[in-house]
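Listed below, chain by chain, are the residues.
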Amino acid sequence: QVQLVESGGGLVQPGGSLTLSCAASGFTFSSYAMAWYRQAPGKERELIAAITSGSGIINYADSVKGRFTISRDNAKSTVYLQLNSLKPEDTAVYYCKAPIAGAWGQGTQVTVSS
């Protein structure tokens, strides 16, 4: 019954930007932390960013710190990931996760290429 739907991925040139969205339903979104992960071909799924229920604590992986920004709008039950200064190594499927529910979204593809 928990649903997470990612959107906003696409093809972008190095140095470009994208905004990813994850729309959540089936649980009390405003009460729980959310996270973004990514998985590149041949690699393990990697935690990118996490945010607490009221946005009071935010953490990033070193690989994206200073370039990506996680945020949330509890009124819309949506968590966002702003991707800036994109590099080819950022190419991956990006997933939204609701840790409390152990639920994953279906992912959205981000491809960074010339």
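A. The arrangement of the nonpolar core in detail. Counting residues in hydrophobic clusters, the biggest one holds 29 residues, and the most contacted among them are L4, M34, W36, V79, L81 and Y94. Elements that contribute at least two residues to this core include exactly strand 3 (18-25), strand 4 (34-39), strand 5 (46-51), strand 7 (68-73), strand 8 (78-83), strand 9 (92-98) and strand 11 (108-112).

B. Representation of the pairing of strand 1 (residues 3-7) in the model. By the alternation rule, side chains of strand 1 split into L4 and E6, which are all buried, and Q3, V5 and S7, of which none is buried. The sheet contact formed by strand 1 and strand 3 spans five bridges and is antiparallel. Along strand 3, the bridge assignment pairs S7 with S21.

C. View of the environment of I100. Structurally, I100 is set in the loop between strand 9 and strand 10 (103-104). Residues I100 and M34, 66 residues apart in the sequence, show an inter-C-alpha distance of 8.5 Å.

D. Main features of the environment of V64. The residue V64 is located in the loop between strand 6 (58-60) and strand 7 in this model. The spacing of V64 and S17 is 47 residues in sequence and 13 Å in space, taken between C-alpha atoms. In this structure V64 touches R38 and I48, once residues within four positions along its chain are discounted.

E. Layout of the side chain of R67. Here R67 is to be found in the loop between strand 6 and strand 7. Within the local environment of R67, its side chain forms a polar contact with the backbone oxygen of S85, the two atoms lying 3.0 Å apart. Residues contacting R67, with those up to four places away along its chain left out, are Q82, L83, N84, S85, L86, K87 and D90.

F. Expanded view of the sheet that holds strand 1. Judged by pairing direction, the sheet is antiparallel, and its four strands sit side by side in the order 1-3-8-7 without closing on themselves. This sheet does not close on itself; its edge strands, each paired only once, are strand 1 and strand 7. Here the strands of the sheet are splayed against their neighbours by 15° on average, with no regard to which way each runs. With six bridges connecting them, strand 7 and strand 8 associate as antiparallel partners. Within the sheet, the bridge partner assigned to S71 lies in strand 8 and is Y80.

Cut-offs and rules
Residues numbered from 1 in each chain as written. Predicted model: local features only at pLDDT ≥ 70, side-chain atom pairs only at ≥ 80, totals over all residues. Heavy atoms only, no water. Core = buried A, V, L, I, M, F, W, Y, C linked by side-chain atoms within 4.5 Å. Buried < 20%, exposed > 50% of the residue type's maximum accessible area, 1.4 Å probe, protein only. Helix = DSSP H or I, 4+ residues; strand = E, 2+ residues; numbered from the N terminus. Pairing = 2+ DSSP bridges. Contact = heavy atoms within 4.5 Å. Polar contact = N/O pair within 3.5 Å; in protein donor to acceptor, adjacent residues only side chain to side chain. Axes fitted to C-alpha atoms, helices over the stretch in contact; angles between N-to-C directions.

By themselves these figures say nothing about function.
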